[in-house]
Amino acid sequence: MRKKLNGAQKIAVLVAVCGGETGARLLKTFEADEQAQIEQAMLEVDRLKLDDESLKAVLEEFQKLLQNGATA
């Protein structure tokens with residue numbers, strides 16, 4: 001079952017998927033208050049135990065944004 005995620009949670013998923021140095025660099029592109037929200041969202045997302053469908057939906061949404069030239 002696909003879970004509804006807010007914006008910070010979606011970014012948290014992306015940071016986690018990127019992992020390591022890439023995830024850290026992605027997180028640093030946000031303002032300090034946004035970083036704190038995303039870090040909190042990372043804890044929330046971890047507790048949600050997202051299924052593959054939910055993760056795939058976040059990645060597809062991000063891919064569409066990139067294809068359309070959207071920026072964070």
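Residues numbered from 1 in each chain as written. Predicted model: local features only at pLDDT ≥ 70, side-chain atom pairs only at ≥ 80, totals over all residues. Heavy atoms only, no water.

A closer look at the pattern of salt bridges
And step 1. The final tally for this structure, using the stated rule, is three salt bridges.
And step 2. One salt bridge connects Arg25 with Glu21, and the closest N-O pair in it is separated by 3.4 Å. One end of the pair, Arg25, and the other, Glu21, are both in helix H2 (residues 20–28), four residues apart, so they sit about a helical turn from each other.
And step 3. Residue Glu21 is classed as exposed on the basis of its relative accessible area of 60%.
And step 4. Residues Glu60 and Lys56 are paired through a salt bridge, measuring 3.8 Å at the closest nitrogen-oxygen approach. (Salt bridge = Lys/Arg side-chain N within 4 Å of Asp/Glu carboxyl O. Helix = DSSP H or I, 4+ residues; strand = E, 2+ residues; numbered from the N terminus. Buried < 20%, exposed > 50% of the residue type's maximum accessible area, 1.4 Å probe, protein only.)

Description of helix H4 (residues 52–67)
And step 1. Compared with an ideal rise of 1.5 Å per residue, which puts 16 residues at 22 Å, H4 spans 22 Å between its outermost C-alpha atoms and is within 8% of the ideal.
And step 2. Among the residues trailing H4, Gly69 stands out with phi positive, at a value near 80°. (Expected span 1.5 Å × (residues − 1).)

Keep in mind that these numbers describe shape and distance, not what the molecule does.
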